[in-house]
Structures are given as structure tokens and as C-alpha cells.
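# Summary of structural features
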Amino acid sequence: MTPSTSSAITLNINGEKHTLPVDHRTTLLDALRERLDLTGTKKGCDQGQCGACTVLIDGRRAVSCLQLAVAAEGREITTIEGVADGERLHAVQQAFLDLDGYQCGYCTPGQICSALAVIEEHAAGWPSAVTADVRPEAGVPQLTAEEIRERMSGNLCRCGAYVSIVEAVARAAEAARTQSAQGRSAGTEAAA
């Protein structure tokens, strides 16, 4: 008996379940774009080097061109189509728009997905290659332009919008910190 080379899988994408038959060699990127018509995720280098296909899997960044669709079954996948809240843009999307963090826009979906993860990783205190003090007692490193550039270095922009991208990530991170602080303050007041 020869082993099967295809399966029906169920992918949880942007909060919706999609069941589809796939060849076991199908990448998540190809399943998203070609089977589910979620074309916001872009195919750039198809080798995991440019970041245009970045999506979030269980909240972590992943280049979908190197991820097999069958390996993503049962995991929470967020693509650029699932970032906004209806018509209301996410703070990262709004910052990219306000600060012109895109030129042609091709890399923008991957940049935004990556930026979402960068902000979460930083808030959780994860160090980067440029973090000066990585000791846990040092606390969360400051999110400087150098930190943002390092953390976003897996996403390339051929148009060179890097200055605006760094500014957009910084603005969105500040908005997230402010919102988090307001949430903690409201929780403290409600408990009193």
C-alpha cells in the first residue's frame, strides 16, 4: 500500500475554519493565496528571505512560504485580512497609513504582521540581538529605532520605506503601551 500524498485539512484562519484537500507539499502561502483566495499575503522570494509572506501563527511570526499547510492545522493563523476590526484599522495599520510606511505596498502586509509580533515580543521583554542588557532583572528594553530595525530585519522593502516603517512601529507600540496602561488603570479602579 502506497502512502497518501494528500489530505483534507482544516485551517483556522482569522477566526474562521476552512477545510480543504491539499497535497502534503503545499505551503501555507500557496494554500492561503491559491486555495482560499486570501491574497493579502504576498509571494516575494518564495525562499523565506524577504518576509513578504509573513503571517502570525499562534501569535508568532512565520514566513508562510516555508510553512507546510498540513503543519499549520489546528493552529491559529492570522493574515493581514484578519488584522483590522471590521472597518476599524488596527493601530499598526493606521500608523503605517499615517506615516507613509509603505511605497508600492507589496511588502506592507508582511511588514504589518511582523510589526504586530515585534510589539508583543518587546512588551513581553524578549531581547533582540542589539539589546544591551539581556538579564531578566534589566526589565523590558527600550524600544529604540535600533531595536525596531533589528526586530524587523526579516522583512525587506525594495522601495526603501524603512524610516517610515520604523516610525510607524514606534507609534503603534506607544499606542499599545498607552492602551495597556489605561486598561490596567481601569481594572484597578474597578477593583476598588
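Structural data are supplied above this passage.
To start, this report covers the structure provided alongside it. In this text the structure is predicted, and so the values were computed from the model without any measurement.

### Quick notes on the pattern of salt bridges
Here the structure, examined in full by the defined rule, presents 10 salt bridges. A salt bridge links R135 to D133; the nearest nitrogen and oxygen atoms lie 2.6 Å apart. Taking the shortest distance from any N to any O, the salt bridge between R135 and E137 comes out at 3.3 Å. Residue E137 is classed as exposed on the basis of its relative accessible area of 61%. By sharing partners, the salt bridges in this structure join D30, K43 and D46 into a single network.

### Structural notes on the sheet that holds strand 4 (residues 60–63)
Whenever strands of a sheet pair, they do so through backbone hydrogen bonds, lying parallel or antiparallel. The sheet built from five strands is open, its strands ordered 2-1-5-3-4 with mixed pairing. Edge positions in the sheet fall to strand 2 (16–23) and strand 4, since each of these pairs with one other strand and no more. The mean inter-strand angle of the sheet, taken between neighbouring strand axes irrespective of direction, is 40°. Each of strand 3 (54–57), strand 4 and strand 5 (76–78) touches helix 3 (residues 108–123); the most contacted strand, strand 3, lies at about 40° to it.

### Description of the side chain of T108
Looking at the secondary structure, you find T108 in helix 3. In this structure T108 touches F96 and Y102, once residues within four positions along its chain are discounted.

### Section: the packing of helix 2 (residues 91–98) against helix 3
With their axes 10 Å apart at the nearest point, helix 2 and helix 3 run at an angle of 125° to one another. Between helix 2 and helix 3, the interaxial angle falls into the category oblique. As helix 2 runs across helix 3, the sense of the crossing is right-handed. The residues of helix 3 that touch helix 2, namely those facing V92, Q93 and F96, are T108, Q111, I112, A115, L116 and I119. Classifying every residue of the contact of helix 2 with helix 3 gives six nonpolar, three polar and no charged.

### Points about the environment of A176
In this structure, A176 sits in helix 5 (residues 162–191). Between the C-alpha atoms of A176 and G154, which are 22 residues apart in sequence, the distance is 22 Å.

### As for the side chain of S64
Tracing the backbone shows S64 in the loop between strand 4 and strand 5. Residue classification places S64 among the buried residues on the basis of a relative accessible area of 0%. Ignoring sequence-local partners within four residues, the contact set of S64 consists of T27, L28, L29, T41, C53 and V55.

Rules behind the numbers
- All residue numbers refer to position in the chain's written sequence, counted from 1.
- Side-chain atom pairs in this predicted model are given and counted only at pLDDT of 80 or more, local residue features only at pLDDT of at least 70, and totals for whole chains, interfaces and linings cover all residues.
- With hydrogens and water excluded, all non-hydrogen atoms of the structure serve as input to the side-chain values.
- A pairing counts as a salt bridge when a side-chain nitrogen of Lys or Arg comes within 4 Å of a carboxyl oxygen of Asp or Glu.
- Burial here depends on accessible area, computed with a 1.4 Å probe over protein chains only, as a share of the maximum for the residue type. Under 20% is buried, over 50% is exposed, and the range in between is partly exposed.
- DSSP-based pairing: two strands are paired if at least 2 bridges between them are found.
- Strands here are runs of E lasting at least two residues and helices are runs of H or I lasting at least four, both read from the DSSP assignment and numbered beginning at the N terminus.
- Under this scheme, a helix contributes an axis fitted over its contacting stretch, all axes are lines through C-alpha atoms, and angles between N-to-C directions fall in the 0 to 180 degree range.
- Whether two residues are in contact is decided by their heavy atoms: any pair within 4.5 Å suffices.
- Oblique is the label for any angle not covered by the other classes, which are roughly parallel (under 35 degrees), roughly antiparallel (over 145) and roughly perpendicular (65 to 115).
- Working rule for handedness: look at the near helix, and if it is turned counterclockwise from the far one by less than a right angle, call the crossing left-handed; if clockwise, right-handed.
- Residue polarity is assigned by list, with Asp, Glu, Lys and Arg as charged and Ala, Val, Leu, Ile, Met, Phe, Trp, Tyr, Cys and Pro as nonpolar; anything else, Gly included, falls into the polar class.

So far we have only geometry, and geometry alone does not tell us how the molecule works.
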